[in-house]
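# Coordinates in review
Here are the chains, one letter per residue:
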Amino acid sequence: MTNTDGRVWLITGCSAGFGRELVLAALAAGDRVLATARRPETLAELEELGNGRVRTAALDVTDPGQVSAAVAQAISDFGRIDVVVNNAGNGSVGAVEELTMDELRTLMEVMFFGAVAVTKAVVPHLRTQGSGTIVQISSMGGALSMPGFGAYCGAKFALEGLSEALAAEMAPFGVRVLIVEPGAFRTEFGGGRMHRSRSIDAYVASTSATRAAIENMDGTQPGDPAKAAAAIVEMVGSANPPLRLALGGDAVDAIRTHHESVLSDLTTWEKLSRSTALD
């Protein structure tokens, strides 16, 4: 293969959901992909469908050795990396008091530190080649939070904050950072990929609706993962992409309402905020 055979993608978490659909969308665009998952045997069908344009690798994003090896394999197999997608992750539901610190640290290792490790491993290559795109799969929960999702949203908030800084740092080198904020899509997010904390009876008042929604969400989500993947591929190919892209009407509505609330508070309390300056 030569460097003219389409873009080269490295995508984490490809065994199902957005990751799998992104592999298929990249193939449809004529690109090549290193598809990764903790259990690479789950990617055999994708590799077969790729007909030489998909390679696979084991990648647990919390394992530094596997992170380095995956980046090295992508460069060895395809000669370069053009697009990196940090998609691997899982959900978590539970009030802040209900979560143990070990549970929170485990979630952050995958959702935040793992994504940062992959990003840091690939950034030197993109900076040196003077081009490339880093796609961070966040969530509408990276823009706003809700009862029972403090840990999940906290990880996404952290990733978005780091990624916004990274975007400005990498811009002089021709490298773009794009943050994707999906709403509810018909993936397996609410099933085995959703961690559930212990429950404290007192929090029925504030988190029971969230817990119930999680138990009943799979198969009812309004978003189509294949259309989301196609939108991401379109965004990556755009000459002027946004820093953040909301996906799904629910995400657009929720994020807009949140920003309007933030603006309202800022305006209402502006006089007091400005009164703190030195005379």
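It should be emphasised that the depicted structure is a prediction, and the values quoted were computed from it without experimental measurement.

## Brief notes about the sheet that holds strand β2 (residues 32-37)
Across the sheet, which stays open at both edges, the 7 strands sit in the order β3-β2-β1-β4-β6-β7-β9 with parallel pairing between neighbours. Each edge of the open sheet is held by one strand with a lone partner, namely β3 (54-58) and β9 (244-247). Each neighbouring strand pair of the sheet contributes to a mean axis angle of 20°, computed without reference to strand direction. When strand β1 (residues 8-11) meets β2, the two strands line up parallel, connected through 4 bridges. Its bridge partner being in β2, Trp9 is matched across the sheet by Val33. Sheet contacts for helix α8 (residues 249-268): β7 (175-182) and β9; angle to β9, the most-contacted strand, approximately 120°.

## Details of the pattern of salt bridges
Taken as a whole and assessed by the stated rule, the structure comprises 10 salt bridges. Put simply, Asp31 and Arg7 hold a salt bridge, and the shortest N to O gap is 2.8 Å. In this pair, Asp31 sits in the loop between α1 (17-28) and β2 while Arg7 sits in the segment before β1, placing the two residues 24 residues apart along the sequence. Judged by its relative accessible area of 3%, Asp31 is buried. Between Arg244 and Glu181 there is a salt bridge whose closest N-O contact spans 3.6 Å. Taken together, the positions of Arg244 in strand β9 and Glu181 in strand β7 put the pair 63 residues apart, joining distant regions of the chain.

## Comments concerning the environment of Asp77
Counting through the fold element by element, Asp77 comes out in helix α3 (residues 64-78). Taking relative accessible area as the criterion, Asp77 reaches 24% and is therefore assigned partly exposed. Expressed as a C-alpha distance, the spacing of Asp77 and Arg55, which sit 22 residues apart in the sequence, is 7.9 Å.

## Looking at the environment of Pro64
Counting through the fold element by element, Pro64 comes out in helix α3. Given the relative accessible area of 61%, Pro64 is considered exposed. With 57 residues separating them along the chain, Pro64 and Ala121 place their C-alpha atoms 9.2 Å apart.

## Concerning the nonpolar core
Core analysis: the largest hydrophobic core is formed by 29 residues, its most contacted members being Trp9, Ile11, Val23, Val33, Val85, Val135 and Ile232. Listed by contribution, the elements that provide at least two residues to this core are β1, α1, β2, β4 (83-86), β6 (132-137), β7 and α7 (225-237). If sequence neighbours within four positions are ignored, Val23 has contacts with Ile11, Cys14, Val33, Ala35, Leu46 and Val54. Judged by nonpolar contacts, the second largest core, of 24 residues, contains Leu34, Ala70, Val122 and Ile134.

## Details of the packing of aromatic side chains
According to the stated counting rule, one finds 2 aromatic pairs in the structure shown. Taking 5.0 Å as the distance between ring centres and 65° as the angle between the ring planes, the aromatic pair formed by Phe112 and Phe113 counts as edge-to-face. On the basis of relative accessible area, Phe112 is assigned to the buried category, the value being 13%. By relative accessible area, which is 45% here, Phe113 ends up partly exposed.

## As for the packing of α3 against helix α4 (residues 101-129)
Two elements in contact, α3 and α4, have axes whose closest approach is 9 Å; the angle formed by their N-to-C orientations is 35°. In the packing of α3 onto α4, the handedness of the crossing is right-handed. On α4, the residues touching Val67, Val71 and Ile75 of α3 are Ala117, Val118, Ala121 and His125. Residues of the contact of α3 with α4, tallied by class, amount to 6 nonpolar, 1 polar and no charged.

## Digging into α4
A rise of 1.5 Å per residue sets the reference length of α4, with its 29 residues, at 42 Å; its end C-alpha atoms lie 40 Å apart and thus fit the reference within 8%. Of all the bends found along α4, the most pronounced is centred on Glu109 and spans about 40°. With its phi angle positive at about 75°, Gly130 sits one or two positions after the end of α4.

## Overview of the packing of α1 against α7
To describe two helices that pack against each other, one gives the angle between their axes and the distance between the axes. Closest axis-to-axis distance for the α1/α7 pair is 8 Å, and the angle between their directions is 55°. Taken together, α1 and α7 sit at an angle that is classed as oblique. The element α1 and its partner α7 pack so that their crossing is right-handed. Here Phe18, Glu21, Leu22, Ala25 and Ala26 of α1 lie close against α7, whose contacting residues are Pro225, Ala226, Ala228, Ala229, Ala230, Ile232 and Val233. Here the residues of the contact of α1 with α7 sort into 11 nonpolar, no polar and 1 charged.

So, how was this worked out
Residues numbered from 1 in each chain as written. Predicted model: local features only at pLDDT ≥ 70, side-chain atom pairs only at ≥ 80, totals over all residues. Heavy atoms only, no water. Pairing = 2+ DSSP bridges. Helix = DSSP H or I, 4+ residues; strand = E, 2+ residues; numbered from the N terminus. Axes fitted to C-alpha atoms, helices over the stretch in contact; angles between N-to-C directions. Contact = heavy atoms within 4.5 Å. Salt bridge = Lys/Arg side-chain N within 4 Å of Asp/Glu carboxyl O. Buried < 20%, exposed > 50% of the residue type's maximum accessible area, 1.4 Å probe, protein only. Core = buried A, V, L, I, M, F, W, Y, C linked by side-chain atoms within 4.5 Å. Phe/Tyr/Trp six-rings, centres within 6.5 Å; stacked < 30°, edge-to-face > 60°. Left-handed = near helix turned anticlockwise from the far one by under 90°. Nonpolar A, V, L, I, M, F, W, Y, C, P; charged D, E, K, R; others polar. Expected span 1.5 Å × (residues − 1). Bend = angle between axes of the 7 residues up to and from the residue. Parallel < 35°, antiparallel > 145°, perpendicular 65-115°, else oblique.

That's the geometry; what it means functionally is another story.
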